[in-house]
Amino acid sequence: MLFRLRPLADVSPAAWIQAGVGDFDSGVHALLPAGFAAYARLLHPAESADGRPLRWRELAERSGRAVDSRTRFKDIAGPEDEEPRAGSFPEELLPVLCEVLAAHTGTPEHCYFGLWDGWGWLDADGPVFHLPGRDHLLYEGPLDAATEFGDRGPGYFFPQSPSLIWPEDRAWCVATDVDLDSTYVGGSARLVEDLTGGSRLEALPAELSDPLG
């Protein structure tokens with residue numbers, strides 16, 4: 001398999017994110033820089049007892065509740081519901097997200113990826129850039145190479161989505177914190193419309209000031 005991700009010793013491409021994010025307790029702003037026209041929250045699906053992906057709205061309807069950008073999974077889930085996977089955007093949906101993102105940047109072939117340096121499977125040692133509470137290694141490559149991260153060995157591969165993704169033209173930024181069951185995106189109003197208006201992803205408009213679950 002051809003790997004298209006290149007580790008970077010120069011982490012300066014992440015400086016604009018470091019300068020633009022808020023404090024650790026500033027909600028979505030702790031993950032994404034200010035200055036984008038709009039923001040979205042992408043909900044990681046839960047899993048039913050038979051292994052079927054469950055959307056949050058489906059669970060909310062069952063419990064007679066609503067879902068908005070501030071909803072926590074425990075607010076809508078029953079005791080038997082398995083929590084969504086935290087810290088990684090679902091592998092089956094990451095290509096879908098990348099497809100939408102690619103239509104909203106002029107540099108889909110040159111993107112940057114931040115990866116939390118605390119994953120136990122990582123065999124990498126290099127310069128890191130710091131965001132509130134997290135240190136990240138930096139990589140570059142085409143946008144669709146986001147699917148190449150993960151724990152890999154002879155006969156196995158456990159995917160791990162990047163913690164951060166942004167294109168060279170900085171048209172948007174995507175953040176998936178290691179402790180969260182949602183992914184957040186900042187970008188143009190049109191991008192957020194495409195994310196929240198389609199049927200393939202469960203996404204909601206969000207605010208930079210929204211608390212993190």
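Here, residues in each chain are numbered from 1, in the same order as that chain's written sequence. Given that this is a predicted model, residues contribute local features only at a pLDDT of at least 70 and side-chain atom pairs are listed and counted only at 80 or more, while totals for whole chains, interfaces and linings are drawn from all residues. Hydrogens are left out, water is left out, and the side-chain values use all remaining heavy atoms of the structure.

Colleague: Explanation requested: the side chain of histidine 136 in the structure shown.
Modeller: Put simply, DSSP H or I for four residues or longer makes a helix, DSSP E for two residues or longer makes a strand, and each gets a number counted from the N terminus. On the secondary structure map, histidine 136 appears in strand S7 (residues 134-141). Residue classification places histidine 136 among the buried residues on the basis of a relative accessible area of 5%. Every residue in contact with histidine 136, bar those within four places of it in the chain, is listed here: Gly114, Leu115, Trp116, Asp117, Pro127, Val128, Phe129, Leu131, Ser163 and Leu164. Each residue is assigned to one of three classes by its accessible area relative to the maximum for its type, calculated with a 1.4 Å probe on protein chains only: buried under 20%, partly exposed between the two thresholds, exposed over 50%. The contact definition used throughout considers only heavy atoms, calling two residues in contact when any of these lie within 4.5 Å.

Colleague: Please explain the pairing of strand S9 (residues 156-159) as it appears in this structure.
Modeller: If a strand is regular, its side chains alternate between the two faces of the sheet. Sheet analysis places strand S8 (residues 150-153) next to S9, joined by 4 bridges and oriented antiparallel. If you follow glycine 150 over to S9, its bridge partner there is proline 159. The turn joining S8 and S9, which pair antiparallel and follow one another in sequence, is formed by 2 residues; a positive phi near 85 degrees is taken by glycine 155. The rule for pairing is simple: two strands pair if DSSP sees at least two bridges between them.

Colleague: Hey, could you run me through the nonpolar core in this one?
Modeller: Proteins that are soluble and globular tend to have nonpolar side chains buried together. With 34 residues, the main nonpolar core has Leu42, Leu97 and Leu195 as its most contacted residues. If you list the elements that add at least two residues to this core, you get strand S2 (38-43), helix H4 (94-102), strand S5 (111-116), S7 and helix H5 (189-197). Sorting elements by how many residues they give to this core places H4 first, with 6 residues. Contacts of leucine 195, omitting those with residues within four sequence positions, involve Ala40, Leu42, Leu97, Val100, Val185, Leu201 and Ala203. Counting 23 residues, the second largest nonpolar core, distinct from the first, contains Ile17, Val21, Phe129 and Leu164. By convention a nonpolar core is built from buried Ala, Val, Leu, Ile, Met, Phe, Trp, Tyr and Cys residues, the set being connected through side-chain atoms within 4.5 Å.

Colleague: For this particular structure, what's the right way to read the packing of H4 against H5?
Modeller: Helix-helix packing is characterised by the crossing angle of the two axes and by the distance between the axes. The N-to-C vectors of H4 and H5 enclose an angle of 150 degrees; their axes lie 10 Å apart at closest approach. Classified by the interaxial angle, the pair formed by H4 and H5 is roughly antiparallel. In the packing of H4 onto H5, the handedness of the crossing is right-handed. The residues of H5 that touch H4, namely those facing Leu97, Val100 and Leu101, are Leu191, Asp194 and Leu195. When residues are grouped by polarity, Ala, Val, Leu, Ile, Met, Phe, Trp, Tyr, Cys and Pro land in nonpolar, Asp, Glu, Lys and Arg in charged, and all others, Gly among them, in polar. Partitioning the contact of H4 with H5 into residue classes produces 5 nonpolar, no polar and 1 charged. Note on geometry: axes are C-alpha line fits, over the in-contact stretch for helices, and angles between N-to-C directions span 0 to 180 degrees. Our angle categories are set so that under 35 degrees counts as roughly parallel, over 145 as roughly antiparallel, 65 to 115 as roughly perpendicular, and the remainder as oblique. By definition, any crossing whose near helix is turned counterclockwise from its far helix by less than a right angle is left-handed, and any crossing with a clockwise turn is right-handed.

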